[in-house]
Amino acid sequence: MVALTELEHDALVEIFNIGVGQAAAAMSGIVGEEVTMSVPSITFLSRSEAAQLLEEAHRNNQGSPDNSGNERICGVSQHYEGAFSTEALLMFPEDKSLEIVRLMVGEAVPLAELSGMEQEAMSEIGNIILNSCVGTLANIFQQELHGSLPVYHVGSSDEILDATGTRADTVVMMLHIDFILEKHQIHGYVAFILDVTALTDLKEQIDRYLQRAMGLQ
């Protein structure tokens with residue numbers, strides 16, 4: 001697997017922090033209260049490792065360590081082409097996605113109607129967050145990245161990752177994102193599924209950015 005140096009990794013974290021900062025500002029306007037987002041970690045995993053991470057995170061949040069295999073994840077995916085090719089995914093535990101939709105539409109909407117609005121609302125949130133992250137990458141890399149329309153998924157972590165057509169030779173770049181609101185703290189993940197060519201292209205774009213930043217290009 002193509003590995004990033006510590007400098008490349010730190011640059012990537014900083015780029016994504018800018019992207020989620022822009023997403024947080026947009027989300028604040030939608031939910032009517034300040035939203036803070038942070039990217040505390042970026043890890044590169046196999047597809048099976050990524051699925052296991054999502055399951056463990058869900059169990060830890062639920063406080064029940066013995067319900068493995070029953071965790072349903074809500075995901076929104078978009079495909080991007082340009083400087084590199086990737087399938088991007090925003091993922092939350094299903095119960096947290098309803099919590100976010102409730103924040104968007106207000107307390108007055110009945111639960112039955114809320115569930116019906118979940119797909120559209122989560123697709124909008126996914127579009128905002130994924131495009132903020134990818135748009136920041138494109139701006140900083142001075143390249144173009146074009147995205148597809150968002151697609152909504154619900155299922156186990158394995159099913160969500162499989163739904164994107166992930167192949168065995170791909171790597172999952174996982175961003176753990178904290179969403180902090182006045183009365184809520186929600187943990188989510190953004191995943192970028194990259195094949196070897198895409199990972200090499202990403203590394204090359206980071207190196208070019210670092211050279212420009214240091215005045216070497």
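Residues numbered from 1 in each chain as written. Predicted model: local features only at pLDDT ≥ 70, side-chain atom pairs only at ≥ 80, totals over all residues. Heavy atoms only, no water.

Extensive coverage of strand β3 (residues 86–93) is indicated by the burial of 8 of its 8 residues. Of the two faces of β3, the one holding Thr86, Ala88, Leu90 and Phe92 and the one holding Glu87, Leu89, Met91 and Pro93 are both buried throughout. As judged from the 8 bridges shared by strand β2 (residues 73–82) and β3, these two strands associate in the antiparallel manner. Within the sheet, the bridge partner assigned to Val76 lies in β3 and is Leu90. (Buried < 20%, exposed > 50% of the residue type's maximum accessible area, 1.4 Å probe, protein only. Helix = DSSP H or I, 4+ residues; strand = E, 2+ residues; numbered from the N terminus. Pairing = 2+ DSSP bridges.)

Bringing the state of the cysteines into the picture now. By the definition in use, this model includes 0 disulfides. Distance from the sulfur of Cys74, which forms no disulfide, to the nearest cysteine sulfur (Cys133) is 16 Å. You can call Cys74 buried: its relative accessible area is 1%. With relative accessibility at 0%, the residue Cys133 sits in the buried group. (Disulfide = S-S within 2.5 Å.)

Okay, the nonpolar core next. Residues Leu12, Phe16, Met37 and Met173 are the most contacted members of the largest nonpolar core, which totals 58 residues. The contacts of Leu12, once residues within four sequence positions are left out, are Leu4, Ile42, Phe44, Leu137, Met173, Leu202 and Ile206. In terms of nonpolar packing, the next biggest core, distinct from the first, is built from 15 residues, Ala50, Ile73, Met174 and Tyr189 among them. (Core = buried A, V, L, I, M, F, W, Y, C linked by side-chain atoms within 4.5 Å. Contact = heavy atoms within 4.5 Å.)

Here we come to the pattern of salt bridges. Within this structure, the stated rule accounts for 5 salt bridges. Through salt bridges with shared partners, one network takes in Arg47, Asp158 and Asp162. (Salt bridge = Lys/Arg side-chain N within 4 Å of Asp/Glu carboxyl O.)

Before going further, it helps to examine helix α1 (residues 6–31). If you check α1, its first and last C-alpha atoms are 36 Å apart, about what 26 residues at 1.5 Å a residue would give, namely 38 Å. At the C-terminal side of α1, Gly32 shows a positive phi close to 75°. (Expected span 1.5 Å × (residues − 1).)

This paragraph deals with the packing of helix α3 (residues 94–105) against helix α4 (residues 111–141). At a minimum axis separation of 8 Å, α3 and α4 run at an interaxial angle of 90°. When the axis of α3 is compared with that of α4, the two are roughly perpendicular. For the pair α3 and α4, the contacting residues are Glu94, Ser97, Leu98, Ile100, Val101, Arg102, Met104 and Val105 in the first and Leu111, Leu114, Ser115, Met117, Glu118, Ala121, Met122, Glu124 and Ile125 in the second. For the contact of α3 with α4, the class distribution of residues is 11 nonpolar, 2 polar and 4 charged. (Axes fitted to C-alpha atoms, helices over the stretch in contact; angles between N-to-C directions. Parallel < 35°, antiparallel > 145°, perpendicular 65-115°, else oblique. Nonpolar A, V, L, I, M, F, W, Y, C, P; charged D, E, K, R; others polar.)

The buried fraction of strand β6 (residues 171–180) amounts to 9 of the 10 residues, a majority that puts the element mostly inside the structure. Here β6 pairs with strand β7 (residues 185–194) via 10 bridges, running antiparallel. Paired with His176 across the bridge in β7 is Tyr189. Counted along the chain from β6 to the antiparallel partner β7, the turn is 4 residues long.

Let's shift gears to the environment of Leu210. Tracing the sequence through the fold places Leu210 in helix α6 (residues 196–213). What makes Leu210 buried here is its relative accessible area of 11%. Here the alpha-carbon distance between Leu210 and Ser41, two residues 169 residues apart in the chain, equals 20 Å. When neighbours within four sequence positions are excluded, Leu210 is seen to be in contact with Leu7, Glu8 and Ala11.

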